[in-house]
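Geometric and topological summary
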Amino acid sequence: MFECKTLAELVDFIETQIDNESFLNHIENGHWISISSMEFVSKVHRLASALSARGVKKGTCVAIISDSSPFWLIVDYALQSLGAVSVPIFANISSSNLSFELEDAEIKYVYIASQEKFDQLAAYFENMELVLIKDIEAKGQNIEKLDDFYADNIDYEKPLIDENDLATIIYT
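To keep things clear, this report deals only with the structure shown in the data block.

**Observations regarding empty space enclosed by the protein**
Overall, the coordinates contain one cavity of 30 Å³ or more when judged by the stated rule. Taken as a whole, the largest cavity spans an internal volume of roughly 30 Å³. If you list the elements that add at least two residues to the lining of the largest cavity, you get β5 (109–112) and β6 (130–133). Ranked by the residues each element gives to the lining of the largest cavity, the list is headed by β5, at three residues. Of the residues assigned to the lining of the largest cavity, the class counts are eight nonpolar, no polar and no charged.

This is the structure we're talking about:
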């Protein structure tokens, strides 16, 4: 029996115990698109590798500003695989609360998947190490499109992650 004690171990569980061709689904251009369990695991590992190469490591806080989607999960589990800390940001956050959360969690990396929120928050992203975008039109030295950001090879060391390590910060 597979026993998961950390969120990072869920990726190992999926890789070894689940074979599902329609593991995650989303609508793209009016059509349902499926992501298999193996594709999910591959994307998680390839994204973790790319994030690691850009400086994300155990304990690094990374903001996620996105509606629920398979890509939100891929980003979150890539972070968990590195021992990084995901910091989901509520979509309707006020500017003052956003400023507090970004500063309090020492955010230098962000994943964002809303053009409207990106446009509203662009000033906050200028000094970030990395702004990873999905379905957004934006350019900048620190901006990368998620679809182009995945590493070609899986090349990162999994850190030792303890069940008591911080996995996420949710501000309420």
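This is not the end of the story, as more comes after the structure.
**Description of helix α2 (residues 37–53)**
Taking 1.5 Å per residue as the helical rise, α2 with its 17 residues ought to reach 24 Å, and the 24 Å between its terminal C-alpha atoms agrees with that figure. Taken together, the buried positions of α2 are S37, F40, V41, K43, V44, H45, L47, A48, S49, A50 and L51. Lining the buried residues of α2 we find α1 (7–17), β1 (24–28), β2 (31–35), α3 (70–82), β6 and α6 (146–149). At the exit of α2 stands G55, carrying a positive phi of roughly 105 degrees.

**Points about the environment of A8**
Checked against the element boundaries, A8 lands in helix α1. For the pair A8 and I107, spaced 99 residues apart in the sequence, the C-alpha separation amounts to 21 Å. A8 has contacts with Q80, S81 and I161, leaving out every residue within four places of it along the chain.

**Points about helix α5 (residues 115–125)**
Turning to α5, its buried residues number three or more, namely K117, F118, L121 and F125. Looking straight down α5, one finds that the buried residues subtend no more than 105 degrees of arc, so they occupy a single side. Away from its buried face, by an angle of more than 90 degrees, α5 presents the exposed residues E116, D119 and A123. Taken together, the buried residues of α5 touch β3 (61–65), α4 (95–104), β5, β6 and β7 (143–145).

**Remarks on the sheet that holds β6**
Across the sheet, five strands lie side by side as β4-β3-β5-β6-β7; this open sheet has parallel pairing. Where the open sheet ends on each side, the last strands, each with one partner, are β4 (85–88) and β7. Each strand axis lies, on average, 25 degrees off the axis of its neighbour in the sheet, ignoring direction. Where β3 meets β4, four bridges bridge the pair, whose relative direction is parallel. Across the sheet, V62 pairs through a bridge with S86, a residue of β4.

Definitions and cut-offs
- Residues numbered from 1 in each chain as written.
- Predicted model: local features only at pLDDT ≥ 70, side-chain atom pairs only at ≥ 80, totals over all residues.
- Heavy atoms only, no water.
- 1 Å grid on protein atoms, 1.4 Å probe; cavity = no way out; pocket = protein on both sides within 12 Å on 5 of 7 lines; lining within 4 Å.
- Points joined across faces, edges and corners; volume = space filled by probe spheres on them.
- Helix = DSSP H or I, 4+ residues; strand = E, 2+ residues; numbered from the N terminus.
- Nonpolar A, V, L, I, M, F, W, Y, C, P; charged D, E, K, R; others polar.
- Expected span 1.5 Å × (residues − 1).
- Buried < 20%, exposed > 50% of the residue type's maximum accessible area, 1.4 Å probe, protein only.
- Contact = heavy atoms within 4.5 Å.
- Arc of directions from axis to C-beta.
- Pairing = 2+ DSSP bridges.
- Axes fitted to C-alpha atoms, helices over the stretch in contact; angles between N-to-C directions.

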